[in-house]
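Listed below, chain by chain, are the residues.
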Amino acid sequence: AGGAAVDLMPGVEYPFALVGIGFQCMSGYIPRCRNGVFAQQVKDWITTAKHPTTGKRFVDMTYQPMLEVLAYLRANGFKNFIVSGGGIEFMRPWAERVYGIPPEQVVGSSIRTKFELRDGKPALVRLPAVNFIDDKEGKPVGIQMHIGRRPIAAFGNSDGDLQMLQYTAGGA
């Protein structure tokens, strides 16, 4: 389940709105894999991966009204974010191409990652351990940690979005 957050007019300090994203995909992690390697594997996979029931590519199954809302908000000075229970490192490589949302505006679940030198080169390495679950009661926490503003409006597409909606309805 996912959502998208929005910043109002450029240069004006407002809370943002959340808009639900209608895309679900199961993703795993590859332990001890460099983030860049994982991102490339995701990009390769998402270009051809098809839904097992419909036979359509996942990227072709986006909810058209959501794409229209995101485009409308963007055209009117909003800054959109995806807030997803899915893996942040899984969403970031393709969210911009599909939804027009750059990687730094994606909030999601994460696994532990550490810095290490490999062959004398710095690398961020994915570890086989959960760092944060951005679902249910984790969504408001993830929003605060990554964005730092309470939404002014929210829309979701699953039970995992309920706490995000409650947080939004709670006001400033």
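Structural notes, computed from the coordinates. (Residues numbered from 1 in each chain as written. Predicted model: local features only at pLDDT ≥ 70, side-chain atom pairs only at ≥ 80, totals over all residues. Heavy atoms only, no water.)

1. A short note on helix α2 (residues 64-75)
Moving on, step 1. Taking 1.5 Å per residue, twelve residues should reach 16 Å; α2 reaches 16 Å between its end C-alpha atoms and fits that length.
Moving on, step 2. Of all the residues in α2, the buried ones are M66, L67, L70 and L73. All buried residues of α2 project into a common sector of 130 degrees when viewed along the axis, lining one side. Among the exposed residues of α2, those pointing more than 90 degrees away from its buried face are Y72 and A75.
Moving on, step 3. Downstream of α2 by one or two residues, G77 has phi in the positive range, about 85 degrees. (Helix = DSSP H or I, 4+ residues; strand = E, 2+ residues; numbered from the N terminus. Expected span 1.5 Å × (residues − 1). Buried < 20%, exposed > 50% of the residue type's maximum accessible area, 1.4 Å probe, protein only. Arc of directions from axis to C-beta.)

2. Here's the deal with the packing of aromatic side chains
Moving on, step 1. A complete count under the given rule lists four aromatic pairs for this structure.
Moving on, step 2. Summarising the aromatic geometry, the rings of F90 and W94 are spaced 6.3 Å apart at their centres and angled 75 degrees between planes, so their arrangement reads as edge-to-face. Taken as a pair, F90 and W94 lie in helix α3 (residues 88-99) at a separation of four residues, close to a single helical turn. Just as F90 is buried, W94 falls in that class too. (Phe/Tyr/Trp six-rings, centres within 6.5 Å; stacked < 30°, edge-to-face > 60°.)

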